[in-house]
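# Analysis of the macromolecular model
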Amino acid sequence: YDPLSSSFLYAPACERTGQLLCPPNVPVALQVSLKAGSRSAMLWAAMLEHLLPGLVAARRTLAAALAEGGPGGRLARYTAEWIEHEEMRLGCQPDAAFFSISRSVHMFAEEAKIGLPLALCPTCCRSGVGRLRVVLVRSPLARLW
């Protein structure tokens, strides 16, 4: 796998909830839209936050752990130790925790993508107060070529 590929990181939480990507160490707020380089923008935001080394290590660890001995038990252990633990720490209701866990593994069987813990996801913010707002859009003429 290539960590600089736009499909390396799948973390659509900010764009699906209408929030902005706000790297803590850079005073910008990125607003992405689908089909306008949103995955590349997400990867760029992760690079701005210096998350890429942790993402590479986590992906290698998960790939090795899930490749050994079948996905059933190992996947259940991952969701219990990484995802469910965070949901309980944040005080989520059981139905919200179940929804979050199911969303984190829903693309595992088809595309081998799995949800990441909060520590490895780019930071989101609601309004981007005190930051330069950057909107990434796609040219309407791009579809004509």
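Quick note: structure is the one above.
Computed from a predicted structure; not experimentally measured. (Residues numbered from 1 in each chain as written. Predicted model: local features only at pLDDT ≥ 70, side-chain atom pairs only at ≥ 80, totals over all residues. Heavy atoms only, no water.)

Let us now look at the overall build of the protein chain. Along the protein chain, the regular secondary structure elements total six helices and four strands. When the helices and strands of the protein chain are placed in sequence order, the string is α-β-β-α-α-α-α-α-β-β. Taking all 145 residues of the protein chain together, 32% fall into the buried category. In the protein chain, the share of contacts with a sequence separation of at least 24, taken over all contacts with a separation of at least 6, comes to 72%. By element, 61% of the accessible surface of the protein chain is carried by carbon and sulfur atoms, the whole surface being about 9,100 Å². (Helix = DSSP H or I, 4+ residues; strand = E, 2+ residues; numbered from the N terminus. Buried < 20%, exposed > 50% of the residue type's maximum accessible area, 1.4 Å probe, protein only. Contact = heavy atoms within 4.5 Å. Areas by Shrake-Rupley, 256 points an atom, 1.4 Å probe, with all protein chains shown as cover.)

Turning to the nonpolar core, a few remarks are in order. Formed by C14, L21, V28, L30, V32, A41, M42 and A45, the largest nonpolar core amounts to eight residues. A41 has contacts with L21, L30, V32 and L136, leaving out every residue within four places of it along the chain. (Core = buried A, V, L, I, M, F, W, Y, C linked by side-chain atoms within 4.5 Å.)

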